[in-house]
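Reading the structure
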Amino acid sequence: MIFLRSLLQLTVLLVQGSWRGVAPSPTDEGALRASHGDHGEPGHKEPHKDSYSTFASEFLESRHLSDEGYPFPTAPPVDPFARIKVVDCGVTKGCIRYGKPGCDAETCDYFMSYRRIGTDVEYEMSADTDGWVAVGFSSDKKMGGDDVMGCVHDDNGRVRIHHFYNVGQWAKEIKRNPARDEEGVFDNNRVTCRFKRPLYVPREETLVDLHLSWFYLLAWGPAIQGSITRHDNDAPPVSDHMISIYKYEDIFMPSTAYQTFSSPFCLLLIVALTFYLLMGTP
């Protein structure tokens, strides 16, 4: 581009020089005297130099070329990833939150939402990880034989949508990927993504129909060179009932740190300890 600018300036100088070396014709001189007199009376105006050199000079002066020499402005930046709206949970979309009570898409250990859009289902997922986040569709609440959609953060900083199939505890990537309109971002040590997949698909072992109800397996974990590794939890969270995309629920599941005192054994222990303190020792 710097070469183009220099070439254009050189062309201006050459054309201007050739313009000065051309004598005006008698016809041009006569027309000039008839309009403005022989001696340049007050109000005399120079004729407009309708030439390429004038155009080129004005082009440069108006700075149509940037300082870097680019003839056109640079393209506008790509629109940022639209934040996930949790206020719509239970109203216009279904949500599953796992983590601290009251958490949202940016603070939960794991967050997922779903909603129908025409013949598609749109999913949003986010997790506190620098690797991957996924959801599996299961018929029995156990890993094995499950259709899985995952968002993976690679070494180039991109978040890509992948399709997997659980073979026991191992996730095998499937080449046929039903995802479309993919978006993903890695920010604030979180992997977040949004994508759509068809509601109805031809019957296939690795691809389920989303119009049916499924248990949702929630998982996230580290990645190495864009490939997923074992999930962070030994026993990944799973919805306690089958989820239907025709029913928009707002489900909260407390993480391990917040469910200690909600287990029946712990409640019984607390009651026994309280009774012992109140009654005293014999």
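Every value quoted in this text rests on a predicted model; they were computed, and no experiment measured them. (Residues numbered from 1 in each chain as written. Predicted model: local features only at pLDDT ≥ 70, side-chain atom pairs only at ≥ 80, totals over all residues. Heavy atoms only, no water.)

On to the overall build of the chain. If you tally the helices and strands in the chain, you get four helices and 13 strands. Counting every position in the chain, which comprises 282 residues, the buried fraction comes to 35%. By sequence separation, contacts in the chain at least 24 residues apart represent 57% of the contacts at least 6 residues apart. Carbon and sulfur atoms make up 58% of the accessible area of the chain, which amounts to about 17800 Å² in all. (Helix = DSSP H or I, 4+ residues; strand = E, 2+ residues; numbered from the N terminus. Buried < 20%, exposed > 50% of the residue type's maximum accessible area, 1.4 Å probe, protein only. Contact = heavy atoms within 4.5 Å. Areas by Shrake-Rupley, 256 points an atom, 1.4 Å probe, with all protein chains shown as cover.)

Below, the discussion takes up the packing of aromatic side chains. Applying the stated criterion across every chain yields a total of seven aromatic pairs. Between Tyr 110 and Trp 220, the ring centres sit 5.6 Å apart and the planes meet at 35°, which makes this aromatic pair tilted. Here Trp 220 lies in strand S10 (residues 215–221) and Tyr 110 lies in strand S2 (residues 110–117), a separation of 110 residues in the sequence. Each member of the pair, Tyr 110 together with Trp 220, is buried. Ring pairing ties together the aromatic residues Tyr 114, Tyr 123, Phe 137, Phe 195, Tyr 216 and Tyr 248, which thus form one cluster. Sitting over the ring of Phe 81, Arg 194 keeps its end group 4.4 Å from the ring centre. (Phe/Tyr/Trp six-rings, centres within 6.5 Å; stacked < 30°, edge-to-face > 60°. Lys NZ or Arg CZ within 6 Å of the ring centre and 35° of its normal.)

A word on the side chain of His 153. Inspection of the secondary structure puts His 153 in strand S5 (residues 147–153). Classification of His 153 by relative accessible area gives buried; the value is 13%. Among the polar contacts listed, one links the side chain of His 153 to the backbone oxygen of Asp 130, at a separation of 2.9 Å. Setting aside residues up to four positions removed in sequence, His 153 forms contacts with Asp 130, Gly 131, Arg 158, Val 159, Phe 186, Val 191, Ala 223 and Gly 226. (Polar contact = N/O pair within 3.5 Å; in protein donor to acceptor, adjacent residues only side chain to side chain.)

So, about the pattern of salt bridges. Applying the stated rule across the entire model yields eleven salt bridges. The salt bridge involving Arg 83 is made with Glu 106; its shortest N-O contact spans 2.8 Å. One end of the pair, Arg 83, is in the loop between helix H3 (52–61) and strand S1 (94–99); the other, Glu 106, is in the loop between S1 and S2, with 23 residues separating them in the sequence. For Arg 83, a relative accessible area of 61% gives the class exposed. (Salt bridge = Lys/Arg side-chain N within 4 Å of Asp/Glu carboxyl O.)

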